[in-house]
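# Summary of the model geometry
Listed below are the residues making up each chain.
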Amino acid sequence: VNHDNPIFFRTFRSKGSEERMGCPCGKKKSSNEDRVIVINTPDDLPKKKYAKNGIRTTKYTLLSFVPRNLFEQFQRVANFYFLVIACLQMIPGLSPLNPITSILPLLLVLAVTALKEAVEDISRARSDRELNNREAFVLKGSGLEKTRWRDINVGDIVRVDNNDSFPADLLILSTSEPLGACYVQTTNLDGETNLKNRLAIQATSELTNVAQLQKLQGELTVPAPDGDIEQLNGTLSHNGARISVDLSKVALRACSLKNTQWIFGLVIYTGHETKIMMNSSGKTRVKRSNLERLLNKLLAMIFALLFGTSIFCAVGHGIWQGLNEGKHWYLRLDGNAAVNGLVAFFTFVILFNTLIPISLYVTMEVIKFGQALFINHDIKMYDPKTDTPAKARTSNLNEELGQIEYIFSDKTGTLTQNIMDFFKCSIGGHSYGEGI
C-alpha cells in the first residue's frame with residue numbers, strides 16, 4: 001500500500017470487486033462542457049475556479065459519524081435484532097426481563113465497533129493531511145515557489161523532480177531529457193511496475209527554464225473531468241497552431257517520475273477531478289467480507305430456529321390456556337387465548353434471545369483490529385529502499401488478503417476445452433498439490 005495514493009486500482013474486475021476497489025473502466029463525468037485553460041493568465045484577469053487540489057478519503061465527518069456509523073452497524077442482522085429486543089423489553093407486561101440486559105450488551109458492541117471505525121478514520125485523515133501538505137515547485141511571479149499540494153490550481157505550471165509523485169494531472173511541457181522524453185511509474189494506478197514513456201508537447205519541449213516558461217502563451221482545451229485512464233483528447237492553441245494532445249503527453253496524479261531529472265507540467269485536473277479520484281466510487285461503500293456475509297446467513301438460520309421455537313411455545317401456551325382456563329385461578333389466565341398466545345410469542349422471543357451470540361461481533365472486531373496492527377508493524381512487509389511500511393487503511397477485509405478468486409490465462413482453447421486443473425506448485429519453498 002503506497003502512501004502517495006490511498007486508492008489502488010487494478011485493470012481486472014471480479015465478482016464483488018466493486019466493493020473493494022475503484023474501476024478504471026468507469027467513466028464518471030462531472031460535466032459535459034470542455035475545459036478551456038489559458039496558460040499564464042494575467043493577474044488582472046479573473047481565473048475560472050475549479051476543484052481544489054486537496055483530497056479527502058475519510059469515511060466520516062464530525063457531524064456524520066454517529067448517524068452514519070449507527071446506520072452501518074444496524075445493517076448487521078444481530079445488531080438490528082437486539083435493537084428490536086431492547087424495544088420489546090420496554091413494553092410493560094411483555095417482558096419478564098429487565099431491558100438493561102439487552103441494552104448494555106448492545107451498547108458495548110456499538111461502542112467497540114464505533115471506536116475501531118473512529119481510530120481507522122482518524123488514520124485516514126492523517127494520511128490525507130500528510131498528502132495535502134506535501135510541497136511542489138510552482139511557477140509564480142519571477143521564479144519557482146514551494147507550494148503545498150492543496151494550494152495548487154488548474155493552470156499552474158509545476159516542476160516535478162526525479163522520484164517525486166505528480167501532485168495533479170499534468171500536461172507535460174518540457175523535460176530534462178532530449179526530445180522531451182520522460183519515464184513514469186504507474187504502479188499506484190494500474191498495478192504495473194514497468195515504466196511508461198511519456199513525451200512533452202513538441203512545441204514547448206525547448207522551454208526548459210523559468211524565463212522561457214513565463215513567456216509561454218496559449219490556450220488548452222481538454223474534456224471535462226472523467227475517470228477514463230485509457231484516453232484523453234485535447235487541443236493546445238500555441239502561436240497560431242493547433243496541436244493535438246493525447247494521454248501520452250499527460251502525467252496522471254498518483255504516478256511518479258523515474259529516470260528523469262525533472263519535468264515542467266501544466267495542471268489540467270486537480271483534487272477530486274483527477275483521473276484517479278474520478279475512478280473512486282464517490283461515497284465510501286460499506287465493505288463486507290465473505291466471512292461476514294457467511295456469518296449473516298448463519299445468523300438468519302439461528303433466527304429461523306428461534307422464531308420457530310417461539311411460535312411452537314406460543315401455540316402450546318395458547319392450547320394449554322384454553323384447556324385449563326378456570327382451573328388454576330391463581331395464574332390469572334384471563335382474556336382471549338389467541339391474544340395471550342401472541343403476547344407469549346414475543347415473551348418467548350425475548351427469553352430465547354441468548355441464542356444469538358452478540359459477543360461474536362465484538363470478538364471479530366477486536367481480532368481484526370489486532371490483525372491490522374500486526375500488518376502495520378510487520379517487518380517483512382516493510383520496504384527499506386523507499387522507507388514504506390505496510391498500512392492497513394481498513395481492517396474490515398483482513399481475511400480477504402491472499403484469497404484467489406479467478407485465474408487469468410492466455411490458454412486459447414481453440415482445439416480443446418478451456419478447463420484448468422491444479423496439479424502442483426511451489427510457494428516459498430513449500431510444495432503444494434499431489435502432481436500428475
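Shown above is the structure to which this text applies.
Residues numbered from 1 in each chain as written. Predicted model: local features only at pLDDT ≥ 70, side-chain atom pairs only at ≥ 80, totals over all residues. Heavy atoms only, no water.

This part takes up the sheet that holds strand β12 (residues 256–258). With antiparallel pairing, the three strands of this open sheet are ordered in space as β7-β6-β12. The sheet terminates laterally at β7 (195–199) and β12, the two strands that pair on one side only. Strand after strand, the sheet turns through a mean of 45 degrees between neighbouring axes, direction not considered. Pairing geometry for strand β6 (residues 181–185) and β12, over three bridges, is antiparallel. Bridge assignment links Q185 to a residue of β12, and that residue is S256. (Pairing = 2+ DSSP bridges. Helix = DSSP H or I, 4+ residues; strand = E, 2+ residues; numbered from the N terminus. Axes fitted to C-alpha atoms, helices over the stretch in contact; angles between N-to-C directions.)

On to the pattern of salt bridges, then. Following the criterion strictly, the structure yields 13 salt bridges and no others. For the salt bridge of E72 with K59, the shortest nitrogen-to-oxygen distance reads 3.4 Å. Of the two residues, E72 is situated in helix α1 (residues 65–73) and K59 in the loop between β1 (35–39) and α1; the sequence distance between them amounts to 13 residues. D121 is the partner of R124 in a salt bridge, and the nearest nitrogen-oxygen pair spans 2.9 Å. Here the residue R124 and the residue D121 both occupy positions in helix α3 (residues 100–132), the gap between them amounting to three residues, near one helical turn. A relative accessible area of 9% means that R124 is categorised as buried. Taken together, the shared-partner salt bridges in this structure form one network comprising K59, R68, E72, K116, E117 and E120. (Salt bridge = Lys/Arg side-chain N within 4 Å of Asp/Glu carboxyl O. Buried < 20%, exposed > 50% of the residue type's maximum accessible area, 1.4 Å probe, protein only.)

Glancing now at the nonpolar core. One finds I157, F166, L171, L220, V245, V250 and I268 to be the most contacted residues of the largest nonpolar core, which totals 49 residues. Per element, the largest residue contribution to this core is seven residues, and it comes from strand β13 (residues 262–269). If you look at the next biggest cluster of nonpolar residues, it comprises 22 residues, including L88, L110, A314 and M364. (Core = buried A, V, L, I, M, F, W, Y, C linked by side-chain atoms within 4.5 Å.)

Just distances and angles here, no functional claims.
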